[in-house]
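Fold and contact review
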Amino acid sequence: MDTRRVSSAVPRVRQVGFFTPNTPAHQPAPTRSQSGPPTSDSPPLSDSPASNSLSPVMIPPPRHLSDNLGGRAYALPVPGRGNAGEHATVGSYNPSESVLWLESPPRSRIGDEELSEGTESSLGWYRRSNSAKVASSLPSGGFDLSQVKQPESVAAVEAKNPLPEKSEAQKEQASNPKSLKAKTTKAERRALQESQRAAKAASKAEANKSNAPGGAASSKPMKQPPQKKDGPPVASSVAASERGVDRPVEKERKKDLPPPRMQFDDESRVDKAKRRSLLNQPEARNRVELFRHLPPHKNGSQLPYLESKFFELHEMHPSVYKVGLQYLTGDTSGGNARCIAMLQAFQEAIRDYSTPPEKTLNRDLTSKIGGFVSFLIECRPLSMSMGNAIRFLKSRIARLPLTLSESEAKAALCSDIDRFINEKIVLADKVILRHAATKIRDGDVLLTYGSSCVVEMILLYAHEIGKQFRVVVVDSRPMLEGQKQLRRLVAKGLSCTYTQLNAISYVMHEVTRVFLGASSIFSNGTVYSRVGTASVAMVAHAFHVPVLVCCEAYKFHERVQLDSICFNELGDPDAVSKVPGREDVNYLDNLTDKQKENLQLLNLKYDATPSDYISVIVTDYGMIPPTSVPVIVREYRKEYLLI
Amino acid sequence: MDFQVVVLAGGSSKNLTPLVSKELPKPLLPVANRPVLSYVLHQLEQNNLKDLIVVVEGEDTALVVGAWISGTFIDRLHVEIAAVPEDIGTAGAIRAISHHLTAKDILVVSGDLVSDVPPGAVAATHRRHDAAVTAMLSSIPVSGPLDSGSSGGKDKAKKLGRYNIIGLDPGKQFLLHIATGAEIEKDARLPKRILRAVGQMEIRSDLMDAHMYAFKRSVLQEVLDLKDTFQSLKEDVLPYLVRSQLKSEALSNRTPQGEENGNEKVTSQNNQVFVSRILANSSTPSFHDHSSENPDGSASTRKTHKCCVYIASSGSYCVRLNSIQAFMDINRDVTGEADHLLTGTSSDPNNNIGPSPKLGTKTTVGPHCMLGEGSEIGDKCQVKRSVIGRHCRIGSHVKVVNSVVMNHVTIGDGCIIQGSVVCSNVQLQERVVLKDCQVGAGFVVTAGSEYKAESLARKEK
């Protein structure tokens, strides 16, 4: 975490610092053409290669800011710049944007009324367009929010951080005047600065005259290409929103840092939590030493208690309560299903929500959702994917413009949730199907473990499109989830083999691919999945069978985890010792109390598969090696916070 | 929680003939000196269910019951009293108040239920499975060891006939078969479809239907509309729903689907199917899902609904007051082992167990007895396992064992009362011997008479 935050902070500083000499090379580019690499038309300075070599490394972090906010917006409406958002040309974009951003504040500071008018009107335009089609396009959503928070965003940003701007004043001067740029490339650095200082006033006046009226004029009439027509205002608003959003996001990231997880072997904390808790925590007996810090399993003993409280939990929405019960009893399991069920319950709760008097929707609803979440956590620990979904929802609530009426806000949130389900789960799954199906060849023998809804869909899809293959379903006690999946696969006419985990090394001989699902994937590439997955992956690795992990990107998590001990979930300990329906093998039933004291049952639900054993991760952004998970996390995490 | 509670308080009851009357309808029949209805209402109140509809048979009865409720639960409960004509049955009663029902689910509770099973449990089970109907079953109450042998045998034999034959799935969550009333004597008929879908069925006769149901409103109303001959929830509606659960004609699935479509306009139909498939695949399948699968695995359009049960744990107390024997049992249990039903219910301050009233010398009052306020007992009396109401006057040398004596009863010297119910305002003159008798309100038993297993009531004028 820390390193990442630093890395994302550093490049912004450097970017400003470095492209001063470099700007001439870049600067003309956007105006003239989209010749991405600056090397072609810039007789480079002595340090330009250095900056060049730096930029590919350093650009990605700032890129996702500008790309998500600006780059996409550019890509959409301007036909001529269709490729603007793509990777190759991004390099040339950053400077121009930042330059444009840097340009505008000084101008408004100079006290030009018409400019501030211009920006304001353009901002107003944005706001209008946004309230018209709430959350229809990603970037505008971002603008909208930041701007409503601070209507005069430019001025506000300025007021907020005047210091960095003053410190950057020099660089502004360097990069500001477009007319000077050709000259400066040829000039010595010092001479450049001198001349720029001299030219500063003139250039600003020039820029004001030329740009501001144009911006004001062009921003009003057309709706379609806002980016093309008025460089300065939009860019400034992009930059401003970049600023405005970036700060809260950073803050949020700090806030979103998972709070230190409750360690259940810390007695004082457990006591405290017990008092707060809705459910009474069961007294865990005889837990395995190593796993005492994990929340004890809450099984049947909780159910009657929760049931008897049914009518007393007024603050709990019925649908949330139902989902909680289903988690508790295990009626709903599986990462996607739990996440969807939770989101749909929240959706219903939001629909029935009405803001109490003297409270604001944003705050009250957030705390309400928080209450729901803690209830669900008490029923069963959340999965990473659900944590991500909750984070998304909360950020959406927090970013609701205050101007929206309650019904509008509720509708917006509901459609956000729908969109999350559609884009992050349904469409992601469909993309994964396509990707993974390309890896299935005729004659393959595919092995899968347990029951993963994505893997199942892949198999069915591949079968549908006529691939000839065989499936080995490996399963394990006590969940025996594979059987459910097996039933559906066999019903669809797939040829299947069913075996238990113990036999994995025997069946692995004939297997050509292993498809696994995942509950979550951490940034170090560790796959967190149903217990047993690690053994399957390791055996496959030993037999040189490729292991494909299929997982939607919303399940990625920035945490780094090396083992499955520090974070895991405990299942019902009795489930491992008892075999339902087999009275004849219940050897552990009639233990005396003394014997029971010596017996500790462990039923772990998840395990962590090291990235070494994974060949490829199939996700909705494509097939990536496990080492690329942090890239996805870094690049796309913002995006779904900002959808 | 989107539940509406309907308390079917009833009116007069044939089973309890000498005890209940126009003046004292069944809901107000005192159990341990509190009207039986108060147990239900109190329990609902404890569970935070404060908006109730109490359905009473007959206008006059409704007035009496309404007066009592508003007097006792004033500003604690919000109760609507609905009067329905007599003899339309429970289903008819619901039909009559159908237009009052608006919530998603309806909890129907019988007014004569004395139980400590939280209604929330039934509701939660209902919600969890998204069931059409959830019934609460409880184990048949055993007549306690304290029961006097003479009264037990015959009544028990009678009682067993009235209980239900219930078929459950192996997980004891779903109701597969229920036979009630007269049907028990006939052959049990099981739909083959259900048997095939479940594979295994557990038939039990040691459970009884406690008459606490959670219904999905849409289903209930539809069934009542469709089948206007249905008289009783227990004997008609519930068995019908159970029988038809795999070929639901009640169309229970239609309404929620309609809602879903309304909710998710944004998502295309395709995505919706996708989502529902994810959800369906990951949830524990019940036999309903299997049966609705066609052989080729695709889900058919056949509609099903779920009939769930909540089986009260063996430690909880759950009895219906529907016979004189049950009345005796409840009185005994409530003062005895199930006395937690009374504690904390200080709505009537006179509910005290133990001898606060005036007792004569050498009078013994055994454990598990209740003496109402203002009662006087003369010298050398014996009271064992009995409930004595308010303002009773009992002479000396009286023996009261296993009996219920209601309010304002005068008992002369030397009476012996065993296993009997003596209603209000009864006058027992001297040396009366009652054994297993029921004495209706206002009756006067002449001195020296001896009755055994008889029901004595005043002639209606």
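Residues numbered from 1 in each chain as written. Chains lettered and ligands numbered in written order. Predicted model: local features only at pLDDT ≥ 70, side-chain atom pairs only at ≥ 80, totals over all residues. Heavy atoms only, no water.

Here we come to the pattern of salt bridges. Side chains carrying opposite charge are able to pair once their charged atoms draw close together. Residue and element names in this part refer to chain B. By the definition in use, this model includes 19 salt bridges over all chains. Between Arg127 and Asp105 there is a salt bridge, with its nearest N and O atoms 2.8 Å apart. One end of the pair, Arg127, is in helix 4 (residues 119-129); the other, Asp105, is in strand 6 (residues 105-110), with 22 residues separating them in the sequence. Each member of the pair, Arg127 as well as Asp105, carries the same accessibility label: buried. (Salt bridge = Lys/Arg side-chain N within 4 Å of Asp/Glu carboxyl O. Helix = DSSP H or I, 4+ residues; strand = E, 2+ residues; numbered from the N terminus. Buried < 20%, exposed > 50% of the residue type's maximum accessible area, 1.4 Å probe, protein only.)

This paragraph deals with the environment of Tyr321 of chain A. Residue and element names in this part refer to chain A. With respect to the helices and strands, the residue Tyr321 is situated in helix 17 (residues 318-329). Tyr321 gets classed as buried once you look at its relative accessible area, which sits at 1%. Each C-alpha atom of the pair Tyr321 and Phe372 lies 8.4 Å from the other, and the pair is 51 residues apart in sequence.

Residues and elements named next belong to chain B. Reading across from one edge, 17-20-23-26-29-32 is the order of the six strands in this open sheet, with parallel pairing throughout. Sheet topology places strand 17 (370-371) and strand 32 (455-456) at the edges, where each strand pairs with a single neighbour. Bridge analysis of strand 26 (residues 421-422) against strand 29 (residues 438-439) gives two bridges, and the strand direction is parallel. If you follow Val421 over to strand 29, its bridge partner there is Gln438. (Pairing = 2+ DSSP bridges.)

All names here are of chain B. For the pair helix 1 (residues 36-46) and helix 2 (residues 59-72), the least separation of the axes is 12 Å and the interaxial angle reads 50°. Taken together, the axis directions place helix 1 and helix 2 in an arrangement best described as oblique. Handedness of the crossing formed by helix 1 with helix 2: right-handed. Between helix 1 and helix 2, the contacting residues are Leu37, Ser38 and Leu41 on the first element and Val65, Trp68 and Ile69 on the second. Of the residues that constitute the contact of helix 1 with helix 2, the class distribution is five nonpolar, one polar and no charged. (Axes fitted to C-alpha atoms, helices over the stretch in contact; angles between N-to-C directions. Parallel < 35°, antiparallel > 145°, perpendicular 65-115°, else oblique. Left-handed = near helix turned anticlockwise from the far one by under 90°. Contact = heavy atoms within 4.5 Å. Nonpolar A, V, L, I, M, F, W, Y, C, P; charged D, E, K, R; others polar.)

Side chains of Leu190, Leu195 and Ile203 of chain B sit close together on the surface and give an oily, nonpolar patch of about 220 Å² of accessible area. Structurally, Leu190 of chain B is set in the loop between strand 10 (175-179) and helix 6 (192-198). (Patch = residues over 30% accessible without salt bridge, like charges linked within 9 Å, V, L, I, M, F, W, Y side chains within 5 Å. Areas by Shrake-Rupley, 256 points an atom, 1.4 Å probe, with all protein chains shown as cover.)

Residue and element names in this part refer to chain B. Together, Lys192, Arg193, Arg196, Arg243 and Lys247 line one region of the surface with positive charge. It is helix 6 that provides the largest number of residues to the positive patch, a total of three residues. Counting through the fold element by element, Arg193 comes out in helix 6. (Lys, Arg positive; Asp, Glu negative; His and termini not counted. Charge placed at Lys NZ, Arg CZ, Asp CG, Glu CD.)

All names here are of chain A. Spatially, the seven strands line up as an open sheet ordered 3-2-1-4-7-10-11, and their pairing is mixed. Only two strands of the sheet have a single neighbouring strand rather than two, namely strand 3 (495-500) and strand 11 (622-624). Shown here is a sheet whose adjacent strand axes are inclined to one another by a mean of 25°, direction ignored. Each of strand 4 (513-517), strand 7 (547-550), strand 10 (616-619) and strand 11 is contacted by helix 21 (residues 406-437), which is oriented at about 140° to strand 10, the strand it contacts most.

Attention now goes to the pairing of strand 12 (residues 207-216) of chain B. All names here are of chain B. For strand 12, the buried fraction is high: ten of the ten residues fall into the buried class. Judged from the five bridges that link them, strand 6 and strand 12 form a sheet pairing that is antiparallel. Bridging from a neighbouring strand, Val108 pairs with Tyr213 of strand 12. Sheet topology note: the strand 8 (residues 133-139)/strand 12 ladder contains six bridges and is antiparallel. Residue pairing for strand 12: Thr134 is matched across the bridge by Ala214.

Another point: the packing of aromatic side chains. One pass over the structure, following the stated rule, counts nine aromatic pairs over all chains. Centre to centre, the rings of Phe230 of chain B and Tyr240 of chain B are 5.6 Å apart; their planes meet at 65°, and the pair counts as edge-to-face. A residue pair is termed long-range when its members are at least 10 positions apart, and Phe230 of chain B in the loop between helix 7 (217-226) and helix 8 (233-243) and Tyr240 of chain B in helix 8 qualify at ten residues. On the accessibility criterion, Phe230 of chain B (13% relative accessible area) is buried. Classification of Tyr240 of chain B by relative accessible area gives buried; the value is 6%. Grouped by ring-pair contacts, the aromatic residues Phe522, Tyr528, Phe567 and Tyr606 of chain A constitute a single cluster. (Phe/Tyr/Trp six-rings, centres within 6.5 Å; stacked < 30°, edge-to-face > 60°.)

Pro478 of chain A follows Arg477 of chain A through a cis peptide bond whose omega is -5°. Following the sequence through the fold, Pro478 of chain A ends up in the loop between strand 2 (469-475) and helix 23 (481-491). Even without a glycine there, the phi angle at Leu480 of chain A is positive, about 50°. Tracing the backbone through its elements, the reader meets Leu480 of chain A in the loop between strand 2 and helix 23. Positioned with a positive phi, Arg431 of chain B is a non-glycine residue whose angle comes to about 55°. Tracing the backbone through its elements, the reader meets Arg431 of chain B in the loop between strand 27 (427-428) and strand 28 (433-435).

Let us now look at the nonpolar core. In this structure, Val320, Met342, Phe346, Ile369, Leu376, Ile458 and Phe515 of chain A are the most contacted members of the largest nonpolar core, which totals 76 residues. It is helix 21 of chain A that contributes the most residues to this core, 13 residues altogether. Sequence-distant contacts of Phe515 of chain A, that is, excluding residues within four places in its chain, are made with Ala436, Ile440, Leu446, Leu447, Thr448, Tyr449, Val455, Ile458, Leu548 and Cys550 of chain A. Residues Leu16, Ala32, Cys415 and Cys437 of chain B belong to the second largest nonpolar core, which totals 48 residues. (Core = buried A, V, L, I, M, F, W, Y, C linked by side-chain atoms within 4.5 Å.)

All names here are of chain B. On the surface, Glu59, Asp60, Glu86 and Asp87 cluster together into a negatively charged patch. Within the secondary structure layout, Glu59 lies in helix 2. The class of Glu59 is exposed, set by a relative accessible area of 56%.

The subject of this paragraph is the packing of helix 18 (residues 335-351) of chain A against helix 20 (residues 384-398) of chain A. All names here are of chain A. Contact pair helix 18 / helix 20: the axes reach a minimum separation of 9 Å and the direction vectors enclose 25°. On the basis of the axis angle, helix 18 is roughly parallel to helix 20. Once helix 18 is placed against helix 20, the crossing between them reads as right-handed. Across the interface between the two elements, Gly335, Arg338, Cys339, Met342, Leu343, Phe346 and Ile350 of helix 18 pack against Ser385, Met386, Ala389, Ile390 and Leu393 of helix 20. Within the contact of helix 18 with helix 20, the residues separate by chemical class into nine nonpolar, two polar and one charged.

What follows deals with the confidence of the model for chain A. Residue and element names in this part refer to chain A. Overall, the predicted model of chain A reaches an average pLDDT of 69, with 54% of residues at or above 70. A low-confidence stretch, residues 1-184 (pLDDT under 50), is modelled with 258 contacts involving residues beyond four sequence positions or located in other chains. Throughout residues 210-258 the model reports pLDDT below 50, and contacts reaching past four residues in sequence, or to other chains, amount to 96 contacts. (pLDDT = per-residue confidence, 0-100.)

Residue and element names in this part refer to chain B. Summarising the element assignment, Thr72 is placed in helix 2. For the pair Thr72 and Ser38, spaced 34 residues apart in sequence, the C-alpha to C-alpha distance is 8.8 Å. Within the local environment of Thr72, its side chain forms a polar contact with the backbone oxygen of Trp68, the two atoms lying 2.7 Å apart. (Polar contact = N/O pair within 3.5 Å; in protein donor to acceptor, adjacent residues only side chain to side chain.)

We now examine the pairing of strand 4 of chain A. Residue and element names in this part refer to chain A. With five of its five residues buried, strand 4 lies for the most part within the structure. Here strand 4 shows no split at all, with Arg513, Phe515 and Gly517 on one side and Val514 and Leu516 on the other all buried. One ladder, built from three bridges, connects strand 1 (residues 444-449) with strand 4; its direction is parallel. Paired with Leu446 across the two strands is Arg513, which belongs to strand 4. Examined bridge by bridge, strand 4 and strand 7 share four bridges and lie parallel to one another. By the bridge assignment, Leu516 is partnered in strand 7 with Val549.

Let's shift gears to helix 20 of chain A. Residues and elements named next belong to chain A. The end-to-end C-alpha distance of helix 20, which contains 15 residues, comes to 21 Å, matching closely the 21 Å that a straight helix rising 1.5 Å per residue would cover. Most of helix 20 sits inside the fold, with twelve of its 15 residues counted as buried. Every buried residue of helix 20 is listed here: Met384, Ser385, Met386, Asn388, Ala389, Ile390, Arg391, Phe392, Leu393, Ser395, Arg396 and Ile397. (Expected span 1.5 Å × (residues − 1).)

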